Every structure is written in C-alpha cells, then in structure tokens.
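Report on the structure
The chain contents come next:
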Amino acid sequence: MKVLVVGGGGREHALAWKLSQDRCAPTLFCAPGNAGTAGLGTNLPIAADAIEALVDWAKVERPDLTVIGPEAPLCGGLADLLEAEGLRVFGPNRLAAQLEGSKVFAKEVMEAAGVPTARAATFTDPVAAKAYVRQEGAPIVVKAEGLAAGKGVTVCESVAQAEAAIDAAMCARVFGAAGARVLIEECLVGPEASILALVDGEHCVLLASSQDHKRAHDGDCGPNTGGMGAYSPAPVVTDELWPMIQEQVFTRTLVELQKRGITFKGVLYAGLMLTPAGPKVLEFNTRFGDPETQVILPRLDVDLLPLFDACIDGTLSASMLAWKPDACVTVVMAAGGYPGAYAKGAVIQGLEEAGQVAGVTVFHAGTSLDGGAVVTGGGRVLAVTALGRQLPEAIERAYAGIDCIGFAGGWCRRDIAAKAVATQGDV
Ligand code: AMP
Ligand code: GLY
C-alpha cells in the first residue's frame, strides 16, 4: 500500500511515524518531508503547496491514499483535484477548508449554526473598522480574514493598538491579501484548549484534548509563533465539557455545512476558549494541529489507516478509537531568531542520544540532510516528544531529550505544560 503524506513539518513526521507502525506497513512518500521522514520513506522534491506538481506525481504513481497536512494545499483544492483523478484523500475539499481559509466564512457558519463564539463584525474599509473599535473600546481583537501562518490575530489592549493592527492588516497589507477584510472580535478570557475531531461527512469523533503554547517565551510572553510546545490531555477539558463541545461546536457546525451542501471529511480542529459562560470557538482549522499532532498521535492506541479509511468511506464510529492512559508532552526547539528571520544549515547534534531517553521520540520539523549530517532548515526545527505516566514524568523526559540536543542558536521554552501541572488540582 502506497501512502503520500503532503507537508514537511513536525506534524507530517508524526503522521508518517504513526502510519509506519500500522499493521499493513504502508510504503510512505512525503512531499517534501524532512530529515525525519527520510528515515521512514521517500522524500519527494515537491513543495506542499505545489498543487499542480503534486497532482502530476499522483496521476503517475497512483498512491492508495494521500494525507494532506497543511492548510495551504487544502484551501487550494488539492483534495478536489486528487479525488477528480479517482484517488483517495484524507483531508477536506476546498469548500470545506474555507472554515480555516476564511475567518469571515467560519464566523458566518458559526453564527448561523448557533455555535458559541466571540461576537464579531467584518470590515472591508479601515475607516469603518476603526470607528467600530472606538465605539466598542478595548480590549478587542483584530483578525485578518485569510491565511496568515498563525500570525494574523492581534489581541489589543488599547484602542490605539487596535487601530495600528487595522492599519497593518488593511493598509500596509503585512499579511498580503489575507488582510483585505478584517474581523473585529470581542475579547474573551479563559484557558484555551484544542479539540480535534475526525469527520467522515456524517459522523464526528473527538480526539484526545491538547493544549498548544503559541507565545515564544516562558510565561506566555513574547510574539506569537506557530506553537512552541503542547501537551495532552489538557486537564482543563473536564468530563462535563466533552458532550457540550461535541454538540454545540462540532455537531452544529457539521449540520450547518450540510445545509449549505458542503461535505466535510478529514480533521476539524476547534481552538477553544473555556470562558465562564462555557466553551467558545476562537478559530477552526481544517487539519491536524502542529504541534498538537505530536502529542495526540503517540497516545493513540490503534492504527491510523483504518481511521482515515473510515473518514473517506463514511463509516467512522467512536468505538474505533482507543487511547493510551499516558500523558504526552512535546517541546519545540527553534532556530535562533524565530519567529523572525532565522539562520539555516546549523548541524544538529545529539539526536540519537535524545531518542534513547525513555519514552522520547524526536519529531523533525525544519530539518534536512546535508551529506551524513542533519541540519536546520526551518524556524521550528524539532519537536522533542515524550510519553509518561502523568504529565510531570512526560515533562521531565521531554526536557531530558532536549538536553541531549544542541545546534548553534537553538532554543526552546522551559515551561511547556507547567501550567497544566500547576492548575491540575483545581480544575
Ligand atoms: P487564532 O489564530 O484565531 O487561534 O488566535 C491566536 C490566539 O489569539 C488564540 O490562541 C488566542 O490566544 C487569541 N485570541 C483569538 N481570538 C480571541 C478572542 N476573541 N479573545 C481573546 N483572545 C483571542
Ligand atoms: N498549533 C496551532 C495550529 O496548528 O494551527
């Protein structure tokens, strides 16, 4: 069985790693992959967003399944094009991916479906947007409507900051076309959690909870990043919240999409804020999270391919899933300068030693092979992941792994999952 994984980050290494353990032992291809996926299959020199080149490869090689990792090819319609060639794809079509690709569309769907979310208004005119901000007052949240690599959201503490964020998105176009429209949202407060669900068009099954750490530095300070670490489970998601999240967030959204003639198959990811008034959706993604995937898949105690097949065939049920009781933590090692400009090509030492620490798996993100050496090639370089009986053990093991690894300029947060341990007693 031939499986193509599209993407080249830590999420895709984790997907390929889990797929490689499936009973049917698929032959794996990754486009473009990284130094980690090179050890599990064949890396193809095709970028994840080179849709035409991916379709050309698939037309010739006829993979039995294509798993699409990142949002860009999903929003660009890669699933639609592969399906039109009679190929099986795990990942939503272009219309369904708009839940992530357009925050305006997502908000419209949520409002029509009665999904709890922040109150928002949409603007195409910066003058009107600023007038609205002055009327509403701060704190307030400004969001570029389109894809902005996780950087399009500004939580503003003052009206002046919000006006500056509107100018940056709509006038200076720092996020390109993604900033042509903005959403201005009420500012919610509460702990955050990521809940991902597998969806087969009809049914949806929630995966284990997790929490990302978006800010660059310890104590949730510094600029936003793609995610500096994650843990699963997230203790803030208590037993009583699960049925509420399933019904109010996922079922309502999927019913509304169906009403609009849109079929969703793949992973639907809800970024939630657990407010005093209940869970509210901050954003939808239409794919696995990165780095959430690196802590969810190691806990999954069943094969992945039957789940992907069930999503495609419309035969998904909750009884197909089983979880290890262990906790999982991943700590991202980033290149010096990230999330700003960063250097590439630094040789990474200690990967083998890290992999020998009990419970540790090192997922590669921005790495490549240079002769025999593994070198850095991206901002987020590695996701050092550990299973442990409880979160404290998983944290200790992940950092023991981190401490084996070195590369010039490399750094990480030192407090991943610490908040969960500190608050576990009172949630
Ligand atoms: P997003 O990319 O939409 O997940 O937003 C990035 C981060 O901005 C989230 O993880 C939250 O911390 C914050 N955020 C987004 N929307 C809101 C909101 N309405 N109120 C408060 N914080 C928000
Ligand atoms: N970790 C956030 C995301 O995948 O969008």
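Above: the structure in question.
Presented here is a report on the structure given in the accompanying data block. Since this is a predicted model, take the numbers as computed values, not measurements. (Residues numbered from 1 in each chain as written. Chains lettered and ligands numbered in written order. Predicted model: local features only at pLDDT ≥ 70, side-chain atom pairs only at ≥ 80, totals over all residues. Heavy atoms only, no water.)

Around ligand 1 lies a shell of 15 residues, among which Glu 185, Glu 186, Leu 188, Glu 192 and Glu 283 are the nearest. A distance of 3.0 Å separates a nitrogen atom of ligand 1 from a polar atom in the side chain of Lys 143. Glu 192 is positioned with one of its side-chain polar atoms (N or O) 2.4 Å from an oxygen atom of ligand 1. In isolation ligand 1 exposes 470 Å². Once the protein is present, 91% of that is buried. Within the residue set of the shell around ligand 1, elements represented by two or more residues are strand E7 (140-144), strand E8 (153-156), strand E9 (182-186) and strand E17 (278-285). (Near = heavy atom within 4 Å. Polar contact = N/O pair within 3.5 Å; in protein donor to acceptor, adjacent residues only side chain to side chain. Areas by Shrake-Rupley, 256 points an atom, 1.4 Å probe, with all protein chains shown as cover. Helix = DSSP H or I, 4+ residues; strand = E, 2+ residues; numbered from the N terminus.)

Glancing now at the site of ligand 2. Taken together, Asp 212, Gly 226, Tyr 269, Asn 285, Arg 287, Gly 289, Asp 290, Pro 291 and Glu 292 make up all the residues around ligand 2. Here an oxygen atom of ligand 2 sits 2.8 Å away from a polar atom, N or O, in the side chain of Arg 287. Contact between ligand 2 and Asp 290: an oxygen atom at 2.9 Å from a main-chain N or O atom of the residue. Notes on ligand 2: free accessible area 200 Å², of which the protein chains cover 89%.

Mapped onto the elements of the fold, Gly 190 is located in the loop between E9 and strand E10 (192-200). Along the primary structure Gly 190 and Pro 279 are separated by 89 residues, whereas in three dimensions their C-alpha atoms are 9.1 Å apart. Excluding anything up to four places from it in sequence, Gly 190 contacts Met 273 and Leu 274. (Contact = heavy atoms within 4.5 Å.)

Take the packing of aromatic side chains next. If you walk through the whole model with that rule in mind, you get seven aromatic pairs. Both rings, one in Phe 90 and one in Phe 288, keep their centres 6.3 Å apart while their planes meet at 35 degrees; by these two values the pair is tilted. You can see Phe 90 sitting in strand E5 (residues 89-90) and its partner Phe 288 sitting in the loop between E17 and helix H10 (293-296), a full 198 residues away along the chain. On the basis of relative accessible area, Phe 90 is assigned to the buried category, the value being 3%. Assessed through its relative accessible area of 5%, Phe 288 is described here as buried. Note on Phe 288 and Phe 308: the rings are 6.3 Å apart at their centroids and 55 degrees apart in plane angle, and the pair reads as tilted. Remark: Phe 308 occurs in helix H11 (residues 305-313) and Phe 288 occurs in the loop between E17 and H10; sequence separation between them is 20 residues. With respect to burial, Phe 288 and Phe 308 carry one shared label: buried. One aromatic cluster is present, built from ring pairs that chain together Phe 90, Phe 288 and Phe 308. (Phe/Tyr/Trp six-rings, centres within 6.5 Å; stacked < 30°, edge-to-face > 60°. Buried < 20%, exposed > 50% of the residue type's maximum accessible area, 1.4 Å probe, protein only.)

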